[in-house]
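# Examining the three-dimensional arrangement
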Amino acid sequence: MKNFVPPKFEETAFNCPYCGAYSNHLWYTPFIRDTSTISLRNIRIARCVHCNELSVWVHKNMLFPVTGNAPTANADLPEEIKTDYNEARQVLAQSSRSAAALLRVVIKKLCCHLNANDADLNTGITNLVEKGLPERLKIALEMARVIGEQAIPPGQIDPDDDPSTALKLFALVNLMTDAMITQPNQLKDIYDALSNSTSKIAVKK
Ligand SMILES: [Zn+2]
């Protein structure tokens, strides 16, 4: 999965808050045409050249969409979990602590979905490492206090969760999904294609 580049004021390329694609953005300054033309200099509008949707920036901050610079969910994240993930995106700008609390629930649900069905998230993540979750991802989950001695229980508000922590949790959900769902699916497709071509060669002989 390509690295997520968050939207940034007057940058020409970043991941679009609507379509999620890494794409070029064109910037415009709106104006009011009255008796004279007045530029609204503190307001800037960015248009994604991939999906044509517009984001509105006031005083260098994205005002709309409210999802701001939260990354879109990995397409392979199960739909029932994606609802919670998208809710976290919706509340990030207003309350990063609420977003972080929701994202810890998302990780717990993802862990259950991946058959690491254990009441304790620490054991669940350890089970996932045995199933192929990279060890470094487990360490990152400890550092983000999802698991480990300092862990915050899923859904609990923690005063230390700031926007930067919430953004890291979004990234960790997407990396977990990539490692445990996207990559195994891609590998299976390649394996199936190779098996088909190998059996065709065997028939030819
Ligand atoms: Zn777009």
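The rules behind the values
- Residues numbered from 1 in each chain as written.
- Predicted model: local features only at pLDDT ≥ 70, side-chain atom pairs only at ≥ 80, totals over all residues.
- Heavy atoms only, no water.
- Helix = DSSP H or I, 4+ residues; strand = E, 2+ residues; numbered from the N terminus.
- Rg over C-alpha atoms; globule rule 2.2 N^0.38 Å.
- Buried < 20%, exposed > 50% of the residue type's maximum accessible area, 1.4 Å probe, protein only.
- Contact = heavy atoms within 4.5 Å.
- Axes fitted to C-alpha atoms, helices over the stretch in contact; angles between N-to-C directions.
- Parallel < 35°, antiparallel > 145°, perpendicular 65-115°, else oblique.
- Left-handed = near helix turned anticlockwise from the far one by under 90°.
- Donors = N, O, S within 2.8 Å, 3.2 Å for Na, K, Ca; no water.
- Tetrahedral: all angles 85-135°; square planar, octahedral: opposite > 155°, others 65-115°.
- Domains from an automatic or database assignment.
- Pairing = 2+ DSSP bridges.
- Phe/Tyr/Trp six-rings, centres within 6.5 Å; stacked < 30°, edge-to-face > 60°.

Before going further, it helps to spend a moment on the overall build of the protein. Along the backbone of the protein there are 5 helices and 7 strands. When the helices and strands of the protein are read in sequence order from the N terminus, they spell out β-β-β-β-β-β-β-α-α-α-α-α. Over its C-alpha trace the protein gives a radius of gyration of 21 Å, far above what one expects of a compact globule, namely 17 Å for 205 residues. Seen through its C-alpha atoms, the protein measures out along the principal axes to roughly 80 × 55 × 25 Å. Evaluated residue by residue, the protein yields a buried proportion of 37% over its 205 residues. Long-range contacts, defined here as pairs at least 24 residues apart, represent 49% of the contacts in the protein between residues at least 6 apart.

This next bit is on the packing of helix 2 (residues 96–113) against helix 3 (residues 121–130). At their nearest, the axes of helix 2 and helix 3 sit 10 Å apart, and the two run at 50° to each other. Between helix 2 and helix 3, the interaxial angle falls into the category oblique. Seen along the crossing, helix 2 lies across helix 3 with a hand that is left-handed. Note on element contacts: helix 3 touches helix 2 through Leu121, Gly124, Ile125 and Leu128, opposite Ile107, Lys108 and Cys111.

Every protein donor of the zinc ion is listed here as Cys16 (SG), Cys19 (SG), Cys48 (SG) and Cys51 (SG), and their distances to the metal cover 2.3 to 2.4 Å. Classification of the site at the zinc ion rests on its 4 donor atoms, whose angles at the metal span 105 to 117°, yielding the label tetrahedral. Along the chain, the residues donating to the zinc ion fall in the pattern C-x2-C-x28-C-x2-C. Here cysteine 19 is found in the loop between strand 1 (13–15) and strand 2 (22–28), whereas its partner cysteine 51 is found in the loop between strand 5 (43–48) and strand 6 (54–58), with 32 residues between them in sequence. Look at cysteine 19 and you get partly exposed, because its relative accessible area is 33%.

For the rest of this paragraph, the subject is the domain arrangement of the protein. One can read the domain layout of the protein as domain 1 (13–64) and domain 2 (79–190). For domain 1 and domain 2, the distance between their C-alpha centres works out to 32 Å.

Read across the sheet, 5 strands follow the order 1-2-5-6-7 without closing on themselves; strand pairing throughout is antiparallel. Pairing within the sheet leaves two strands with one partner each, and these edge strands are strand 1 and strand 7 (61–64). For this sheet, the mean inter-axis angle between neighbouring strands, taken without regard to orientation, is 45°. With 4 bridges connecting them, strand 2 and strand 5 associate as antiparallel partners. Looking at the pairing, histidine 25 lines up with cysteine 48 of strand 5.

If you walk through the whole model with that rule in mind, you get 4 aromatic pairs. Arranged with centres 6.0 Å apart and planes meeting at 50°, the rings of phenylalanine 9 and tryptophan 57 form a pair that is tilted. Placement of phenylalanine 9 in the segment before strand 1 and of tryptophan 57 in strand 6 is noted, with a sequence separation of 48 residues between them. Under the relative-accessibility criterion, tryptophan 57 is labelled buried at 3%. Aromatic rings pair up to connect Phe9, Trp27 and Trp57 into one cluster.

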